[in-house]
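# Geometric and topological summary
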Amino acid sequence: MDEILDTRGLKCPLPALKAEKRLESLPAGSRLTVLATDPMARVDIPVLCNRLGHTHQSSEADGVYRFEITVTR
């Protein structure tokens with residue numbers, strides 16, 4: 001199951017909080033793509049993934065940060 005969470009325009013800590021809430025409902029093996037424009041998301045989302053034990057990859061293009069999170073629990 002792949003989902004997209006668009007948090008563009010939201011400020012810290014909302015992108016991470018919304019991502020955490022969405023991740024809670026996803027089964028293992030799912031992938032959540034989070035889109036964000038707040039620069040703090042570059043810190044908050046990886047910290048969230050590490051705390052929850054999920055793997056992630058990130059990229060940035062045109063001021064939009066993209067986080068590909070794979071649910072591992």
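Predicted model, so just to flag it, every value in this text is computed and none were measured.

Rules used in this analysis
Residues numbered from 1 in each chain as written. Predicted model: local features only at pLDDT ≥ 70, side-chain atom pairs only at ≥ 80, totals over all residues. Heavy atoms only, no water. Core = buried A, V, L, I, M, F, W, Y, C linked by side-chain atoms within 4.5 Å. Buried < 20%, exposed > 50% of the residue type's maximum accessible area, 1.4 Å probe, protein only. Helix = DSSP H or I, 4+ residues; strand = E, 2+ residues; numbered from the N terminus. Contact = heavy atoms within 4.5 Å. Patch = residues over 30% accessible without salt bridge, like charges linked within 9 Å, V, L, I, M, F, W, Y side chains within 5 Å. Areas by Shrake-Rupley, 256 points an atom, 1.4 Å probe, with all protein chains shown as cover. Salt bridge = Lys/Arg side-chain N within 4 Å of Asp/Glu carboxyl O. Pairing = 2+ DSSP bridges. Axes fitted to C-alpha atoms, helices over the stretch in contact; angles between N-to-C directions.

## Notes on the nonpolar core
Core analysis: the largest hydrophobic core is formed by 16 residues, its most contacted members being Ala 19, Leu 23, Leu 32, Val 34, Ile 45, Phe 67 and Ile 69. Mapped by element, the contributors of at least two residues to this core are helix 1 (14-24), strand 2 (31-36), helix 2 (41-52) and strand 4 (64-70). Among the elements that line this core, the one with the most residues is helix 2, at four residues. The contact partners of Phe 67, leaving out residues within four places of it in the chain, are Leu 32, Thr 33, Val 34, Ala 36, Ala 41, Arg 42, Ile 45, Pro 46, Gln 57 and Ser 58.

## Observations regarding the environment of Met 40
Take Met 40: it is sitting in the loop between strand 2 and helix 2. Taking the relative accessible area as the measure of exposure, Met 40 reaches 40% and is therefore partly exposed. Along the chain, Met 40 and Ala 61 lie 21 residues apart, while their C-alpha atoms are 15 Å from each other.

## Quick notes on unusual backbone geometry
Most of the time, phi is negative for any residue but glycine, and the peptide bond is trans. A cis geometry characterises the amide bond from Cys 12 onward to Pro 13, with omega recorded as 10°. Turning to its location among the elements, Pro 13 is positioned in the loop between strand 1 (2-6) and helix 1. Non-glycine residue Asp 62 carries a positive phi angle of around 55°. As for its position among the elements, Asp 62 is in the loop between strand 3 (55-61) and strand 4.

## Notes on a nonpolar patch on the surface
The grouping of Met 40, Val 43 and Val 47 at the surface amounts to a nonpolar patch, some 250 Å² of accessible area in total. In this structure, Val 47 sits in helix 2.

## Details of the sheet that holds strand 3
Here we have four strands laid out as an open sheet, ordered 1-2-4-3, and mixed in their pairing. With partners counted over all chains shown, the strands left at the sheet margins are strand 1 and strand 3, one partner each. On average, each strand axis in the sheet is tilted by 15° relative to the strand beside it, whichever way the strands run. As paired elements, strand 3 and strand 4 share seven bridges and run antiparallel to each other. From the neighbouring strand, Thr 55 faces strand 4, where its bridge partner is Thr 70.

So far we have only geometry, and geometry alone does not tell us how the molecule works.
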